[in-house]
Amino acid sequence: MYLPFFISTPRTVQYKISINGFPESHAILIPNFCEFEQLPTNFAYVNQLQPENIAGDFHCAFIYTCPSCHRYIIIDYAISPRIYETHVIKYNYTFSSNANYPFPDNLETLSPRFKKIYKQASRAENSGLDELSGFGYRKALEFLIKDYLIKNKMNDEQKIKSDSLNNCIKRLNDSDLQNVSRISTWIGNDSTHYVLENPDLGLDDLKNYLDVTAQYIAFKLRAQTAKLYIDDHRNNK
């Protein structure tokens, strides 16, 4: 079982722990990995709490701080009196993995849901949930394409919202953008199928084509902004 805050072979330090009024020296494993920064570190001892007898077992909580990010953690140790053995209590911690979002700000303005869904898919991937992340990236693509079409074809908003992603891609007036978004859709759809229709394409391909689609749309938005600026200043001259 994965043990948070510990990697490889952590060092041990002897600490006096008083159990039933009798101080005993116990070897304590010192945490050596910061889950917040995802980096090895040497946690510094801060304090320890009074041991408690919980269901016949003695527990003693130690407080540590990371010298890099200065966050505090508590490690719960099981103490065996007179045997002088200790071990770390294994809790089922859940930490949020970092999420990647390598896109310009104008995409967030265009489609806030795209950013939210993309980051959740990235977080799932970074947490090892590769069976779920593909569908998440596929959903992010749908929101991006539809929000882009709505921005440029306001009269069709309700039709765009209810239409299939495949039909929405056909509405794009750029063949290159159609191609990269269509392949992204194919791979994303495969993540929901038992039998893959495109077995030679995987999650990395999906991300690459989705990234190209998103960057292309970001470029088109920037070009639209430039055109509006030029037209406005041309009319004022």
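This text goes with the structure placed above it.
On a predicted model such as this, the values are computed, not experimentally measured, just so you know. (Residues numbered from 1 in each chain as written. Predicted model: local features only at pLDDT ≥ 70, side-chain atom pairs only at ≥ 80, totals over all residues. Heavy atoms only, no water.)

(A) Spatial organisation of the pattern of salt bridges. The full count for this structure, using the stated rule, is eight salt bridges. A salt bridge links Glu108 to Lys115; the nearest nitrogen and oxygen atoms lie 3.1 Å apart. Overall, the relative accessible area of 33% leaves Glu108 in the partly exposed class. Residues Asp163 and Arg171 are paired through a salt bridge, measuring 3.9 Å at the closest nitrogen-oxygen approach. In this structure Asp163 comes out as buried when scored by relative accessible area, which is 13%. One continuous salt-bridge network, built from bridges that share partners, spans Arg138, Glu142 and Lys146. (Salt bridge = Lys/Arg side-chain N within 4 Å of Asp/Glu carboxyl O. Buried < 20%, exposed > 50% of the residue type's maximum accessible area, 1.4 Å probe, protein only.)

(B) Seen up close, the pairing of strand E1 (residues 12-19). Bridge count between E1 and strand E2 (residues 22-29): eight bridges; the pairing is antiparallel. Bridged to Gln14 within E2 is Ala27. (Pairing = 2+ DSSP bridges. Helix = DSSP H or I, 4+ residues; strand = E, 2+ residues; numbered from the N terminus.)

(C) Molecular detail of the environment of Thr86. Looking at the secondary structure, you find Thr86 in strand E9 (residues 85-88). Sequence separation between Thr86 and Ile75 is 11 residues, and the spatial gap between their C-alpha atoms is 12 Å. Thr86 has contacts with His26, Ala27, Ile28, Ala78 and Ile79, leaving out every residue within four places of it along the chain. (Contact = heavy atoms within 4.5 Å.)

(D) Structural view of the packing of aromatic side chains. For the structure shown, the criterion picks out 15 aromatic pairs. When the centroid spacing of 6.3 Å and the interplanar angle of 75° are considered together, the rings of Tyr216 and Phe219 count as edge-to-face. Taken as a pair, Tyr216 and Phe219 lie in helix H7 (residues 203-235) at a separation of three residues, close to a single helical turn. The class of Tyr216 is partly exposed, set by a relative accessible area of 24%. What makes Phe219 exposed here is its relative accessible area of 52%. Of the aromatic side chains, those joined through ring pairs into one cluster are Tyr15, Tyr45, Phe62, Tyr64 and Tyr77. (Phe/Tyr/Trp six-rings, centres within 6.5 Å; stacked < 30°, edge-to-face > 60°.)

(E) Quick look at the nonpolar core. Ranked by size, the top nonpolar core spans 30 residues in total, and within it Leu107, Phe114, Tyr118, Ile145 and Ile217 carry the most contacts. Sorting the residues of this core by element identifies helix H1 (105-110), helix H2 (112-126), helix H3 (130-152), helix H5 (165-171), helix H6 (175-190) and H7 as the ones contributing at least two each. Considering every element that reaches this core, the biggest residue donor is H3, with eight residues. Not counting residues up to four positions away in its chain, the partners in contact with Ile217 are Leu107, Leu110, Leu144, Ile145, Tyr148 and Leu177. Core analysis: the second largest hydrophobic core is formed by 20 residues, Tyr15, Ile19, Ile75 and Tyr77 among them. (Core = buried A, V, L, I, M, F, W, Y, C linked by side-chain atoms within 4.5 Å.)

(F) Examining the packing of H3 against H6 more closely. As a packed pair, H3 and H6 sit with axes 8 Å apart at the nearest point and diverge in direction by 145°. When you trace H3 past H6, the crossing you get is left-handed. Counted together, Gly134, Arg138, Leu141, Ile145 and Tyr148 of H3 and Leu177, Ser181, Ser184, Thr185, Gly188 and Asn189 of H6 form the full contact between these two elements. (Axes fitted to C-alpha atoms, helices over the stretch in contact; angles between N-to-C directions. Left-handed = near helix turned anticlockwise from the far one by under 90°.)

(G) Here's a closer look at H2. End to end, H2 covers 21 Å across 15 residues, agreeing with the expected 21 Å (1.5 Å per residue, within 8%). The set of residues buried in H2 consists of Phe114, Ile117, Tyr118, Ala121, Ser122, Ala124 and Glu125. Across the axial projection of H2, the buried residues extend over an arc of 160°, all falling on one side. Just beyond H2, the residue with positive phi is Gly128, at close to 85°. (Expected span 1.5 Å × (residues − 1). Arc of directions from axis to C-beta.)

Interpretation note: all reported values are geometric properties and have no functional meaning in isolation.
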